[in-house]
Amino acid sequence: MKKKFYITTAIDYVNASPHLGHAFEKVQADVLARYHRALGEEVFFLTGTDEHGAKIARAAEDAGIPVKKFVDKNAKVFQGLVKALNISNDYFIRTSDKEVHWPGAQKMWKALADSGDIYKKQYKGLYCVGHEAFVTRKDLVDGKCALHKKEPEIIEEENYFFRLSKYSKQIESAIKSDKFRIVPSASKNEILRLLESGLEDVSFSRPSKDLSWGVPVPGDSEHTMYVWSDALVNYLSAIGYGHSDAKSRSNLKRYWPADVQVIGKDILRFHAAIWPGMLLSAEKPLPKILFVHGFISVGGEKMSKSLGNVIDPFSLIEKYGTDAVRYHLLREIPPTNDGDFTYEKFEERYKSDLAKGLGNFTARVVNLGARHIMGSFAPRENRKTKKEIEETWIHYRKSMEEFRFDEALQAVWGLTSYGDKFVDESKLWELPQKDRKKFNLYIAELCTILANIALLLQPFLPETSQAIAKQLGIKLEDKKPRKFKLKKGESLFPMV
RNA sequence: GUCGGUGUAGCUCAGCGGUUAGAGCGCCACCCUCAUAAAGUGGAUGUCGGAGGUUCGACUCCUCCCACCGACACCA
């Protein structure tokens, strides 16, 4: 049986428009999904939206539209982003989906309750009337809410709690032993430090009177599930958890545990502590790898609405194309550290790497070849080229295993640079007149290089890969091309 | 405050005990003309954040300091 690969992204909170950071996460996950598909694995790739909570209910109210309409509208925007980025997800889950998600969330709740890990407790907190919500001490300045300049009231309410403390040790050992691996190690260490002092139980519900926009607690209509008990379960409900039909059961059995869960560093704690705690309580295996990416700043400043520097991925895609945006995010932004975005750097990379690099190399080879060779011809590689290609693949695979997308791309560009040198050193353009046989051999050699580049780039720049394959007259599904038939095409990356 | 991360050429980063510290981009010069006025070759640029220490030898290990970033728990 084929190896399976289940990968998820965090689900996005739909209270605001997507920005470049959202795009970054999707693209990273997509590269992994496509890479594993290319390896022949049976991939299930999940992404989606988190649509519950008082914040959204309030945002909808401010906008003057019913909550359901509000989330439908915003979810569409996020789905639009996924499409615009050419993300190859197999499913898009929405936590407001009563058919698909709710049964899963409620089943999880019952599972936790059956394990004796759900209990009721008085919760005492600082309630800000302005927020219509509890605030933390962090939000206070001189004892007053920083936003509303009012002293918060101390309010007690009864909530359900999840006995997370019980699983502290188990989670710690799973992370330490890498059975539940957290990438990068900085994130792993951060969470281990937290675990050293043990985890506290977490509040898992809110009174329905305060939070009605969410999944009802099973058997207690007075309470609504709070974010963790609801949202985290999406990773399971999307593959059938909570459903008893045959297909759901087999999907769940087939795909869980997730092989990689991609998240941002802001939600590390929830995915590395609460989520594994829930899974342990429900007697489900833990995900294999939690991959934590950093944030994107803009010109050294935090991307934020108040600074007005939010980068809109849609307009970037519209101007430069999907693959150019994908390339930039994967090549320029380090996979697990914070990265910086500026339009200047974007254009610089676009010009040097894409237009003058890959695009120009492809054009010079295909144009020259197509002009002089009409028929089809077989691939060829001399010893040096063969070695170059092999080494590129080794470097590339190693980088992919380490989630170093930037390094993998660097390796591919080494191959285009090799090809450019090959053209120059052989003075390829003189050969049709001087040595026709040699010319044919060299073109075959260069096409072999290009075919490998197309294959290497498949997970990263799917459209570009296809475009190269089309100009070479090959099919990428064949893995190893048997013969080429050149056809001049459009510029891969026109100068803008 | 505590804990952690980062600090290497103008930019993005690699190197992490051992010859004159590297790559790509950018810059300058040369050169080719097949190609998207692209490619190729050569070159300049670094007190490897600072100060001490360990060592025959440190960008690489230790201590202290500085700068930036993050976490410090329920952010509803």
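Residues numbered from 1 in each chain as written. Chains lettered and ligands numbered in written order. Predicted model: local features only at pLDDT ≥ 70, side-chain atom pairs only at ≥ 80, totals over all residues. Heavy atoms only, no water.

Digging into the overall build of chain A
Within chain A one finds 18 helices and 19 strands. Seen along its three principal axes, the alpha-carbon backbone of chain A occupies a region of about 90 × 50 × 40 Å. A total of 496 residues make up chain A; the buried ones form 53% of that total. Look at the contacts in chain A between residues 6 or more apart in sequence, and 75% of them connect residues 24 or more apart. For chain A, the accessible area works out to roughly 23,400 Å², and carbon and sulfur atoms hold 50% of it. For chain A, the distance from the average position of its 77 positive side-chain charges to the average position of its 66 negative side-chain charges is 6 Å. (Helix = DSSP H or I, 4+ residues; strand = E, 2+ residues; numbered from the N terminus. Buried < 20%, exposed > 50% of the residue type's maximum accessible area, 1.4 Å probe, protein only. Contact = heavy atoms within 4.5 Å. Areas by Shrake-Rupley, 256 points an atom, 1.4 Å probe, with all protein chains shown as cover. Lys, Arg positive; Asp, Glu negative; His and termini not counted. Charge placed at Lys NZ, Arg CZ, Asp CG, Glu CD.)

Things to note about the sheet that holds strand β13 (residues 216-217)
Ordered by their spatial adjacency, 3 strands build an open sheet running β12-β14-β13, and the pairing between neighbours is antiparallel. The open sheet is flanked by β12 (205-207) and β13, the only strands paired with a single partner. As paired elements, β12 and strand β14 (residues 220-225) share 3 bridges and run antiparallel to each other. Along β14, the bridge assignment pairs Ser205 with Met225. (Pairing = 2+ DSSP bridges.)

Some details on the nonpolar core
Counting residues in each nonpolar core, the largest one holds 97 residues, and the members touching the most others are Ile7 and Phe460. With 14 residues, the top contributor of residues to this core is helix α17 (residues 436-457). Once residues lying within four places of it in the same chain are set aside, the contact partners of Phe460 are Val31, Arg326, Leu330, Tyr396, Met400, Phe405, Ala408 and Leu409. The next biggest cluster of nonpolar side chains, apart from the first, holds 58 residues, and it includes Ala10, Phe180, Ile239 and Leu290. (Core = buried A, V, L, I, M, F, W, Y, C linked by side-chain atoms within 4.5 Å.)

As for helix α15 (residues 405-425)
For α15, built from 21 residues, the straight-helix expectation of 30 Å at 1.5 Å per residue is met to within 8% by its first-to-last C-alpha distance of 31 Å. Just downstream of α15 lies Lys427, where phi reads positive at about 45°. (Expected span 1.5 Å × (residues − 1).)

Observations concerning the packing of helix α12 (residues 322-332) against α15
At their nearest, the axes of α12 and α15 sit 7 Å apart, and the two run at 110° to each other. Taken together, the axes of α12 and α15 are roughly perpendicular relative to one another. For the pair α12 and α15, contact is made by Tyr327, Leu330 and Arg331 and by Phe405, Asp406, Leu409, Gln410 and Trp413, respectively. Split by residue class, the contact of α12 with α15 holds 5 nonpolar, 1 polar and 2 charged. (Axes fitted to C-alpha atoms, helices over the stretch in contact; angles between N-to-C directions. Parallel < 35°, antiparallel > 145°, perpendicular 65-115°, else oblique. Nonpolar A, V, L, I, M, F, W, Y, C, P; charged D, E, K, R; others polar.)

Structural notes on the layout of surface pockets
Of the volumes computed, that of the second largest pocket is approximately 530 Å³. If you go around the second largest pocket, you meet 21 residues; those closest to its centre are Trp393, Asn452, Leu455, Lys479 and Lys480. Contributions of two or more residues to the lining of the second largest pocket are made by α1 (20-38), α14 (383-401) and α17. The element that contributes the greatest number of residues to the lining of the second largest pocket is α14, accounting for 6 residues. Among the residues making up the lining of the second largest pocket, the classes are represented as 11 nonpolar, 3 polar and 7 charged. (1 Å grid on protein atoms, 1.4 Å probe; cavity = no way out; pocket = protein on both sides within 12 Å on 5 of 7 lines; lining within 4 Å. Points joined across faces, edges and corners; volume = space filled by probe spheres on them.)

Points about the pattern of salt bridges
Under the criterion given, the structure shown has 34 salt bridges. Glu332 is the salt-bridge partner of Lys345, the closest N and O atoms lying 4.0 Å from each other. Highlighted residues: Lys345 in helix α13 (residues 343-372) and Glu332 in helix α12, separated in sequence by 13 residues. A salt bridge links Glu391 to Lys387; its shortest N-O distance comes to 3.7 Å. (Salt bridge = Lys/Arg side-chain N within 4 Å of Asp/Glu carboxyl O.)

Points about the packing of aromatic side chains
According to the stated counting rule, one finds 27 aromatic pairs in the structure shown. Ring geometry for Trp109 and Phe204: centres 6.3 Å apart, planes at 35°, overall tilted. Placement of Trp109 in helix α4 (residues 102-114) and of Phe204 in the loop between β11 (202-203) and β12 is noted, with a sequence separation of 95 residues between them. For the pair formed by Trp109 and Phe204, the shared burial category is buried. For the ring pair Phe291 and Phe403, a centre distance of 4.8 Å and an interplane angle of 25° mean the geometry is stacked. Taken together, the positions of Phe291 in strand β16 (residues 289-293) and Phe403 in the loop between α14 and α15 put the pair 112 residues apart, joining distant regions of the chain. (Phe/Tyr/Trp six-rings, centres within 6.5 Å; stacked < 30°, edge-to-face > 60°.)

So, the environment of Glu190
Among the structural elements, Glu190 can be located in helix α6 (residues 185-196). With 78 residues separating them in the primary sequence, Glu190 and Leu268 have C-alpha atoms 9.3 Å apart.

Considerations on unusual backbone geometry
Residue Val183 is joined to Pro184 through a cis peptide bond whose omega torsion reads 0°. Note that Pro184 resides in the loop between β10 (181-183) and α6. Here the residue pair Trp256 and Pro257 is connected by a cis peptide bond, since its omega of 5° sits within 30 degrees of zero. In this fold, Pro257 is placed in the loop between α9 (246-255) and β15 (260-264). Positive phi is not limited to glycine here, since Asn86 has a value of about 60°. By the secondary structure assignment, Asn86 is in the loop between α3 (67-84) and β4 (91-94). Not every positive phi belongs to a glycine, and Asp178 is a case in point at roughly 70°.

Taken by themselves, the reported measurements are silent on function.
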